[in-house]
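Summary of structural features
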Amino acid sequence: MRVAVLGTGIMGAPMARNLRAAGHEVSAWNRSPEKAALDGIDAAGSIAEAVSGADVVVTMLADGDAVEAVAGEAFAAMDGAVLAQMSTIGVAATERVAERARAADVPFVDAPVLGTKQPAEQGALIVLASGPDDVRDRVAPVFDAVGAKTLWLGDAGAGSRLKLVINTWLLSLTEGLAEAIALAGELGVDPQTFLDTIDGGPIGAPYAQLKGKLMIDGDFPPSFPLDLALKDARLALAAAEERGLRLGALAAVAEQMERAVEAGHGSEDMAATIHASRPA
Ligand SMILES: NC(=O)c1ccc[n+]([C@@H]2O[C@H](COP(=O)([O-])OP(=O)(O)OC[C@H]3O[C@@H](n4cnc5c(N)ncnc54)[C@H](OP(=O)(O)O)[C@@H]3O)[C@@H](O)[C@H]2O)c1
């Protein structure tokens, strides 16, 4: 198959490499072109060039605005390809992209992923797929190459809704962890003793060990950048507000993350949200 990957950042680049490793012909486009130069992959100079002749077009871009702009341009040059939209863009933008795909007569699969940089490199993402039954076979080889498992969840949009639910949990977990570690520091409790005490028990999520280490070391190489985590908190809050739901804890998480982003930590891993709690 020929697969076009639009967006080769932290997630898109390893996904493109795994598609190539699975034997597909891969073309890649990225707004900053140097990032699309990947071994064995055709780096395209334009979106139209990347999607030309493709069977499946994957978008792996920062947010809804980027996907709408890039997919909008891609639709004009796609000839029978399916769009597999794999970025996290929430409910409203997914509906808008689905509508534009319908107008352009492009089959649309909504397929955000669970998993971060390392699972992306290992081809071990979980694909939260939703879309028409009759295109599943066409996108399955793509999802198999980038993921360990694909969940088919129903009509397009169901994947993005589940993704927001998962990230509501994940972001609250991360912020709670950051605050526990920040408090430990100020109370004279060794934060590693806190992590060791919860490890392996019912409240000791493996994720706490992973992100807790970054927080203790104060080193935040981006796996899931903080500015994208804040974007997801806002997407979940917007979806909740539209339905009259009050997510007070998530609103507080978003405020803390915003504070850390404003302090210049947006491109670091989301574990850097701990900066919002620490005394200046
Ligand atoms: N990292 C994770 O752990 C993770 C996990 C699951 C889902 N996701 C989701 O996957 C998506 C990609 O995340 P990532 O971690 O790969 O982020 P990233 O490394 O920051 O990459 C973002 C990509 O979007 C492009 N982009 C941003 N604005 C654009 C615009 N206006 N027009 C065209 N291209 C634009 C960037 O291009 P440039 O290179 O030119 O900036 C880059 O290719 C996001 O929706 C994120 O929430 C991430």
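Attention in this report is confined to the structure presented alongside it. (Residues numbered from 1 in each chain as written. Predicted model: local features only at pLDDT ≥ 70, side-chain atom pairs only at ≥ 80, totals over all residues. Heavy atoms only, no water.)

1. Looking at the sheet that holds strand S9 (residues 147–152)
Selection criterion: We call two strands paired when DSSP finds no fewer than two bridges between them. A run of DSSP states H or I qualifies as a helix once it reaches four residues; a run of E qualifies as a strand once it reaches two. Both are numbered from the N-terminal end. Residues are treated as being in contact if the distance between any of their heavy atoms lies within 4.5 Å. Comment: axis = line fitted to C-alpha atoms, over the contacting stretch for helices; angle = value between 0 and 180 degrees taken between N-to-C directions.
The strand order across the open sheet built from three strands is S7-S8-S9, with neighbouring strands paired in mixed fashion. Edge positions in the sheet fall to strand S7 (113–114) and S9, since each of these pairs with one other strand and no more. Sheet topology places strand S8 (residues 125–129) next to S9; five bridges connect them, and they run parallel. Within S9, the residue paired with Ile126 across the bridge is Lys149. In this fold helix H7 (residues 158–187) packs onto S7 and S8, with an angle of close to 130 degrees to the strand it touches most, S8.

2. A short note on the environment of Ala120
Note the following rule: Note on classification: 1.4 Å probe, protein chains only; a residue is buried when its accessible area is under 20% of the maximum for its type, exposed when over 50%, partly exposed between these limits.
Tracing the backbone shows Ala120 in helix H5 (residues 117–121). Residue class for Ala120 comes out buried when judged on its relative accessible area of 0%. Considered as a pair, Ala120 and Gly12 are 108 residues apart in the sequence and their alpha carbons are 8.3 Å apart. Those residues in contact with Ala120, other than ones at most four positions away along the chain, are Met11, Pro14, Asn18 and Leu125.

3. Quick word on the pairing of strand S4 (residues 56–59)
Which entries qualify depends on this criterion: Think of it like this: strands point away, you trace from the first strand over the helix to the second, and a clockwise trace means the crossover is right-handed.
Burial along S4 is two-sided: Val56 and Val58 and Val57 and Thr59, pointing in opposite directions, are all buried. As defined by bridge partners, strand S1 (residues 2–6) adjoins S4 across four bridges and the pair is classed as parallel. Bridge pairing links Leu6 to Thr59 in S4. With helix H3 (residues 64–77) bridging S4 and its parallel neighbour strand S5 (residues 82–85), the resulting β-α-β unit is right-handed.

4. As for the sheet that holds strand S2 (residues 25–29)
Here six strands make up an open sheet; going across it, the order is S3-S2-S1-S4-S5-S6 and the pairing parallel. What marks the edges here is a single partner per strand, and that holds for strand S3 (42–43) and strand S6 (108–110). Alignment of S5 against S6, held across three bridges, turns out to be parallel. Across the sheet, residue Leu83 finds its bridge partner in S6, namely Phe108. Where helix H1 (residues 12–21) meets the sheet, its contacts fall on S1, S2 and S4, and the angle it forms with S1 comes to roughly 170 degrees. Helix-sheet contacts for H3 involve S1, S2, S4 and S5, and the interaxial angle to S5 is about 170 degrees.

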